[in-house]
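In case you want the letters, here they are:
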Amino acid sequence: GGSQDASNVNFHDPTNANFHLLDSSPARDAGVTLANGPVGPDYDGVSRDETTPDYGAYESWPEAPFNELPLNPERGFYSHTESLASNPTPLELATLQGIRAGGRTILLRVYYLDTFLETDTLSQAFLDQLALDFQTMLDAG
């Protein structure tokens, strides 16, 4: 076949290299099946529709609110945070929401267990702070 016009593909966010298709894209369900077997998964590992796959690197999914998108659409970029057990820095909801709004869904949270070097037991206060951090992450989406 010939070339296809890519000027109106309707990607999610091509400026930020998010080439997933919007529901309005003419490339959705416009692919062809292969005579020698099913099409392999897309770059996210999502199985392709066996009868009407999408054109392009990614199989589309129904559009959803931002907090319901598949994990790691940015393919490995993350935000780094850290906290010392001796001087905990709790995660803040507004900070996490800002990270999320910037398009990152992976958070690397490092906990330095400096107060537990001489023991094999974590304190309840530290575990409570850890639980609060996890709740804050959930609340941020």
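Residues numbered from 1 in each chain as written. Predicted model: local features only at pLDDT ≥ 70, side-chain atom pairs only at ≥ 80, totals over all residues. Heavy atoms only, no water.

Caption draft 1: Expanded view of the pattern of salt bridges. Inspection of the entire model under this criterion finds one salt bridge. The shortest N-O distance in the salt bridge between R109 and D133 comes to 3.0 Å. Taken as a pair, R109 in strand 4 (residues 107–112) and D133 in helix 2 (residues 124–140) lie far apart in primary sequence, 24 residues in all. Classification of R109 as buried rests on a relative accessible area of 14%. Classification of D133 as buried rests on a relative accessible area of 1%. (Salt bridge = Lys/Arg side-chain N within 4 Å of Asp/Glu carboxyl O. Helix = DSSP H or I, 4+ residues; strand = E, 2+ residues; numbered from the N terminus. Buried < 20%, exposed > 50% of the residue type's maximum accessible area, 1.4 Å probe, protein only.)

Caption draft 2: Broad picture of helix 2. Look at helix 2: 24 Å from first C-alpha to last across 17 residues, which is about the 24 Å you get at 1.5 Å a residue. Within the sequence span of helix 2, burial applies to F126, Q129, D133, T136 and A140. The arc that holds every buried residue of helix 2, seen down its axis, measures 75°, which confines them to one face. In this structure, helix 2 carries Q124 and L138 as exposed residues pointing more than 90 degrees from its buried face. The elements touched by buried residues of helix 2 are helix 1 (93–101) and strand 4. Looking one or two places after helix 2, you find G141, whose phi comes out positive at around 90°. (Expected span 1.5 Å × (residues − 1). Arc of directions from axis to C-beta. Contact = heavy atoms within 4.5 Å.)

Caption draft 3: Local environment of the pairing of strand 4. The pairing of strand 3 (residues 79–84) with strand 4 spans six bridges and is parallel. Paired with S83 across the two strands is Y111, which belongs to strand 4. Handedness of the crossover joining strand 3 and strand 4 through helix 1: right-handed. (Pairing = 2+ DSSP bridges. Right-handed = clockwise from strand over helix to strand, strands pointing away.)

Caption draft 4: Representation of helix 1 within the structure. Buried within helix 1 we find L96, I99 and R100. Burial along helix 1 is one-sided: seen end-on, the buried residues are contained in an arc of 100°. Every exposed residue of helix 1 that faces more than 90 degrees away from the buried side is listed here: A94 and A101. The inward-facing, buried residues of helix 1 abut strand 3, strand 4 and helix 2.

Read these as geometric descriptors, not functional statements.
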